[in-house]
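One letter stands for each residue in the lines below.
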Amino acid sequence: MSEVKISAETRTEFGKGAARRIRRDAKVPGVLYGHGSDPLHLTLPGHDLLLALRTPNVLISLDIDGKSNELAIPKSVQRDPIKGFLEHVDLQLVKRGEKVTVEVPVVTEGELAAGGNLLEHVLNALPVETEATHIPEGVTVSVEGLEAGASVLAKDIALPSGVTLAVDEDAVVLQVLAAQAEEAPEGEAEGTEAAEA
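Residues numbered from 1 in each chain as written. Predicted model: local features only at pLDDT ≥ 70, side-chain atom pairs only at ≥ 80, totals over all residues. Heavy atoms only, no water.

K.L.:
Please clarify how the overall build of the protein should be interpreted in this entry.
P.N.:
When you go through the protein residue by residue, the secondary structure sums to 3 helices and 13 strands. Since a compact globule built from 197 residues should have a radius of gyration of about 16 Å, the 24 Å found for the protein marks it as more spread out than a globular shape. Considered along the principal axes of its C-alpha atoms, the protein spans approximately 85 × 45 × 25 Å. Burial statistics for the protein: of 197 residues in total, 33% are counted as buried. (Helix = DSSP H or I, 4+ residues; strand = E, 2+ residues; numbered from the N terminus. Rg over C-alpha atoms; globule rule 2.2 N^0.38 Å. Buried < 20%, exposed > 50% of the residue type's maximum accessible area, 1.4 Å probe, protein only.)

Here it is in structure tokens:
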């Protein structure tokens, strides 16, 4: 996993007005917390942060005021519900070699058995524990030939070296559902019978 370097500034103004001013300058307010330290309020460049957050569980190398360099992973990202721009980000402080619990996307490959079956993602992301600087971008699961009623459990998914499950191993991640035939509405069926009588 690659690190993304972002320059950040500490901020001393708080509240909605200050947050609006920060966002007007194409920046994003954020908080860095973890390891028992006091939360550090930051201002981050909006465009750089938006590009970094395209990668799930991205490892961010923060250059804070040009003085300190910290590693962090995004824990909570708030976006404007209509326009989609970043409103606020919470970052968790991490150290090299430290284990963290994150959710990695579940990606499927292959085709289900014939018959119009449907694949349900019970978990879109799999909770795992891994070293902070080696977070996988996702896990791939083959669904080739699976038939209705089949399911893939967390323990069935091959994980990269050094990654362990942070969820019950018998948790259902994917399941195959039988396609349901559409039934005619009751009123139509009765109307047909009445016409035939």
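This is not the end of the story, as more comes after the structure.
K.L.:
Looking at this model, I keep getting lost on the sheet that holds strand β2 (residues 27-34). Mind explaining?
P.N.:
Reading around the circumference, β1-β3-β2-β6-β5-β4 is the order of the 6 strands in this closed barrel, with mixed pairing throughout. Each strand axis lies, on average, 45° off the axis of its neighbour in the sheet, ignoring direction. Packed on one face of the sheet, helix α1 (residues 16-24) meets β2, β3 (37-45) and β6 (86-94) and runs near 120° to β2. (Pairing = 2+ DSSP bridges. Axes fitted to C-alpha atoms, helices over the stretch in contact; angles between N-to-C directions. Contact = heavy atoms within 4.5 Å.)

K.L.:
When you look at the side chain of Thr43 in this model, what are you seeing that I'm missing?
P.N.:
By the secondary structure assignment, Thr43 is in strand β3. By relative accessible area, Thr43 is classed as buried at 9%. Leave out the neighbours within four places in its chain, and Thr43 touches Ala8, Glu9, Arg11, Ile22, Lys27 and Val28.

K.L.:
What exactly am I supposed to notice about the pattern of salt bridges here?
P.N.:
Working definition: two side chains of opposite charge can pair if their charged atoms are close together. For the structure shown, the criterion picks out 2 salt bridges. Of the charged contacts in the structure, one is a salt bridge between Glu9 and Lys27, with a shortest N-O distance of 3.6 Å. Of this pair, Glu9 sits in strand β1 (residues 3-10) while Lys27 sits in strand β2, and the two are 18 residues apart along the sequence. A relative accessible area of 40% places Glu9 in the partly exposed class. Where Asp170 meets Lys155, a salt bridge forms, and the shortest distance between an N and an O atom there is 3.0 Å. Placement of Asp170 in the loop between β12 (164-165) and β13 (172-177) and of Lys155 in the loop between β11 (151-153) and β12 is noted, with a sequence separation of 15 residues between them. (Salt bridge = Lys/Arg side-chain N within 4 Å of Asp/Glu carboxyl O.)

K.L.:
Would you mind showing me how to read unusual backbone geometry here?
P.N.:
A negative phi holds for most residues other than glycine; trans holds for most peptide bonds. Located in the positive-phi region is Ala26, a residue other than glycine, with phi close to 60°. Topologically, Ala26 is positioned in the loop between α1 and β2. Using a relative accessible area of 56% as the deciding quantity, one classes Ala26 as exposed.

K.L.:
Is there a simple way to explain the environment of Glu131 in this structure?
P.N.:
By the element assignment, Glu131 lies in strand β9 (residues 125-131). Along the primary structure Glu131 and Lys99 are separated by 32 residues, whereas in three dimensions their C-alpha atoms are 4.3 Å apart. Setting aside chain neighbours within four positions, we find Glu131 in contact with Arg96, Gly97, Glu98 and Lys99. There is a polar contact of 2.7 Å between the side chain of Glu131 and the side chain of Thr133. Within the structure, the side chain of Glu131 is placed 2.4 Å from the side chain of His134, a separation counted as a polar contact. (Polar contact = N/O pair within 3.5 Å; in protein donor to acceptor, adjacent residues only side chain to side chain.)

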